[in-house]
Amino acid sequence: VSFRYPDSDEEVLSDISFTAEPGKTTAIIGSTGSGKSTIVNLIPRFYDVTSGNLLIDGVDIKDIANKDLRKIIGFVPQKGILFSGTIESNIKYGNPNMSDEQMIEAAQIAQATEFIESKPEKYQEPIAQGGSNVSGGQKQRVAIIRALAMNPEILLFDEPTSALDPEMVGEVLDVMKKLAGEGITMLIVTHEMGFAREVSDRVLFFDQGAILEDGSPEEVFEKPQHKRTKEFLAKIL
């Protein structure tokens, strides 16, 4: 696929092609402006591709109703967005019919039970608009639970560790490994190379809207093929 934003003559993505598989985690890395986040915005059709086809199980997503498409996709944005209400209402936002048992199970998978149970009102703890009364790490964990509450076939993470301290990064890493084991297809945009190395089965290196590297973490990080990849990794690692 290729993509350009409306009213722009410049392509953000050019001739991108790859397959993400169930039970596998694909990490997307690259410098700012390389097009990595655009990929995860195309899958739930926040934007449509300019050319080419984006397929899920061989079906063009343009042939799937948006409400049906988004039922199978869990999305965790770079900055977890919370709404005024309670922890429970935020978790159930995308799936209001889920049971309390399912909610608690999702919280356990996201390793958020301890922080929720520490709150005076637990799942009924009030959340201010924008989540201003919880920490960045807590906000991100609620966003992950909300994505899991959709019982998704596909999970998209855009910089899931950006608001977390090093200890929490390790916990999120454990969550990712558990989810992959349950057969979910995961795509993770990240600038944390160590995280990408640990969590992914496959790494895509994006540069100026194109894929320069596509391989296992060992292949991309230890034996990069392109000069620009080597220069990027030299700055980061």
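To be clear, the structure that these remarks concern was listed above.
Once a new chain begins, its residue numbering starts again from 1 and follows that chain's sequence as written. Residues qualify for local features only when their pLDDT is at least 70, as the model is predicted, and side-chain atom pairs are given and counted only at 80 or more; totals for whole chains, interfaces and linings, by contrast, use all residues. Water and hydrogen atoms were dropped before computing side-chain values, which therefore reflect all heavy atoms in the structure.

**Student:** Give me the overall build of the chain: which residues, what numbers.
**Tutor:** Helix and strand definitions here come from DSSP, where helices need a minimum of 4 consecutive H or I residues and strands a minimum of 2 consecutive E residues; each element is numbered from the N-terminal end. Within the chain, the regular secondary structure consists of 10 helices and 10 strands. Here the chain has a C-alpha radius of gyration of 18 Å; the compact-globule value for 237 residues is 18 Å, and the two agree. By principal-axis analysis of the C-alpha atoms, the chain measures approximately 55 × 40 × 35 Å. When contacts within the chain are restricted to residue pairs at least 6 apart in sequence, those whose partners lie at least 24 apart make up 68%. If you average the places of the 24 positive and of the 37 negative side-chain charges in the chain, the two averages end up 3 Å apart. Each radius of gyration reported is based on C-alpha atoms, and the globular scaling rule is 2.2 Å times the count of residues to the power 0.38. Here a residue-residue contact requires only that any non-hydrogen atoms of the pair lie within 4.5 Å. Note on charges: Lys and Arg go in the positive column, Asp and Glu in the negative column, and His and the chain ends are not counted at all. Charge positions come from single atoms, namely NZ of Lys, CZ of Arg, CG of Asp or CD of Glu.

**Student:** Tell me about empty space enclosed by the protein, and name the residues and values.
**Tutor:** The way it works is a 1 Å grid over only the protein atoms, where trapped points that fit a 1.4 Å probe form a cavity and open points with protein on both sides within 12 Å along at least five of seven lines form a pocket, and then any residue with an atom within 4 Å of a point lines it. Grid points are joined across faces, edges and corners, and a volume is the space filled by probe spheres set on the points. Counting across every chain of the model gives 1 cavity of 30 Å³ or more. Estimates place the volume of the largest cavity at around 40 Å³. Around the largest cavity, the lining residues are Asp48, Val49, Gly52, Asn53, Leu54, Asp60, Ile61 and Lys62. When grouped by side-chain class, the residues that make up the lining of the largest cavity number 3 nonpolar, 2 polar and 3 charged. Amino acids are sorted into nonpolar (Ala, Val, Leu, Ile, Met, Phe, Trp, Tyr, Cys and Pro), charged (Asp, Glu, Lys and Arg) and polar (every other residue, Gly among them).

**Student:** Please set out the sheet that holds strand 10 (residues 210–215) residue by residue, giving values where relevant.
**Tutor:** Judged by pairing direction, the sheet is mixed, and its 6 strands sit side by side in the order 4-7-8-1-9-10 without closing on themselves. Edge positions in the sheet fall to strand 4 (73–76) and strand 10, since each has one partner strand and no second. In this sheet, adjacent strand axes meet at a mean angle of 15° when their direction is disregarded. Two strands qualify as a pair provided DSSP detects at least 2 bridges between them. Direction of pairing for strand 7 (residues 154–158) relative to strand 8 (residues 185–189): parallel, over a ladder of 5 bridges. Looking at strand 8, one finds that Asp158 is bridged to Val189. Fitted lines through C-alpha atoms serve as axes, helices being fitted only where they are in contact, and the angles separating the N-to-C directions of these axes extend from 0 to 180 degrees. Sheet contacts for helix 6 (residues 136–148): strand 4 and strand 7; angle to strand 4, the most-contacted strand, approximately 170°. Contacts from helix 10 (residues 227–236) reach strand 1 (25–30), strand 9 (202–207) and strand 10, with the element oriented near 100° to strand 9.

**Student:** Lay out helix 4 (residues 100–109) with the relevant residues and their values.
**Tutor:** Burial classification: accessible surface area is computed with a 1.4 Å probe over protein chains only, and a residue below 20% of its type maximum counts as buried, one above 50% as exposed, and the rest as partly exposed. Inspection of helix 4 places Met103, Ala106, Ala107 and Ile109 among the buried residues, and these make up the whole buried set. Buried residues in helix 4, looked at end-on, bunch into an arc of 160°, giving them a common side. Following helix 4 by one or two positions, Gln111 has its phi on the positive side, about 55°. Directions pointing from the helix axis toward each C-beta atom define the arc.

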